[in-house]
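# Coordinates in review
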Amino acid sequence: MDFRNRRAIHQAAADAVNRAGKEGKKLFLCYSGTITALSLLSLAVSYVLDLRIAETGGLSNMGLRSVLSTVQYILPIAQVIISTCLGFSYQQNVLSMARGQGADCRTLPYGFRHFFLLLRLALLEGLIYFAVGFVSMQLSSIIFTFTPFAQAYYEAVEPLVDSMSVLGTVPALDEATTNAILAACMPAVWIFLGVYLILFIPLYFRYRMSMYCLADEPRMGAFLALHKSRLMLRKRCFDLLKLDLTMWWFYALQVLISLVLYSDMLLPILGIQLPWSQNASMYLFNGFSVLLQFSVYYFTLNRVNVTYAVAYDTLQQPRDPQKAAEPNNPLPFQTEF
């Protein structure tokens, strides 16, 4: 199959989802249902902890308040770890669905066996993107100094520098000076974002298939998964972008869900005041966005992920069809005879 033939990829994905039938639906319910229940439980526990922390005033309750705050801080981290491990097993099942090998929701806990492997992959990707951010900051600083915007920045900080040279200490900043410096720095921020996106987007697309590589062959390790993804998508990133654009509706729904999630901050900006506290709004819209996400995933998640799994298998095929190889079997409980 030609990777540029997006219609064929979508058709193959639709056929694979239909073949999976009840197994695929059961896999989705086990995976997404667990994630949704975990998110709602985390929200409920966090809300109760907020109430308890508000009641623990005074020095005598400092220890209890510290414990409750620590638990509240750990909750999102635990949620991310559980979601990532379950998601890895889900990716393995998605690959099996794409290859007509079915799915088994009983394998979802297997992802916890690969926790440190997933951690290494996340750290490597984070290190790469951090390096991109560092280089972008240096480049944007150089670019900023050669633009007319730099003059406004120098004029804003000049009184501060003069005061430091006279007094020998950092003077207190008044509100007017602070606002002037922040306004003068905004062009530098936009330049940084532009440079970062120019460097980040090509790298991001190169490493898009790293999780599928790891789910397909966990023994290859995180570094080789990134390397394999980079080689697979060499000169094919634009074709992957075109495949993304065929599923614009899915990403548009994700943007809509994000707007619902942050409605507690967006509505006051629009001048809409709700008849309850800001904290209650945060938990309310958070819970509603979780339920909305589950509803969207119910109709789209398997189809979208199987589409990318088919794309992954297509990318693995040599450009010479006569050298095509048999795909790997990602599920540990299945054996080819």
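First, a word on what this report is: a plain description of the structure on this page. (Residues numbered from 1 in each chain as written. Predicted model: local features only at pLDDT ≥ 70, side-chain atom pairs only at ≥ 80, totals over all residues. Heavy atoms only, no water.)

## Re the overall build of the protein
A tally of helices and strands in the protein yields eleven helices and zero strands. Relative to its full complement of 337 residues, the protein shows a buried share of 37%. Nonlocal contacts in the protein, meaning residues at least 24 apart in sequence, comprise 77% of its contacts between residues at least 6 apart. Working note: accessible area of the protein is about 20100 Å², and carbon and sulfur atoms make up 67% of it. (Helix = DSSP H or I, 4+ residues; strand = E, 2+ residues; numbered from the N terminus. Buried < 20%, exposed > 50% of the residue type's maximum accessible area, 1.4 Å probe, protein only. Contact = heavy atoms within 4.5 Å. Areas by Shrake-Rupley, 256 points an atom, 1.4 Å probe, with all protein chains shown as cover.)

## Overview of the pattern of salt bridges
Tallied over the entire structure, the rule returns six salt bridges. One salt bridge connects arginine 208 with aspartate 244, and the closest N-O pair in it is separated by 2.9 Å. With arginine 208 in the loop between helix H5 (175-206) and helix H6 (210-216) and aspartate 244 in helix H8 (residues 237-245), this pair connects stretches of sequence that are 36 residues apart. The class for arginine 208 is buried, based on a relative accessible area of 19%. (Salt bridge = Lys/Arg side-chain N within 4 Å of Asp/Glu carboxyl O.)

## Structural notes on the environment of arginine 206
Mapped onto the secondary structure, arginine 206 falls in helix H5. Once the C-alpha coordinates of arginine 206 and arginine 236 are considered, the two residues, 30 residues apart in sequence, prove to be 8.6 Å apart.

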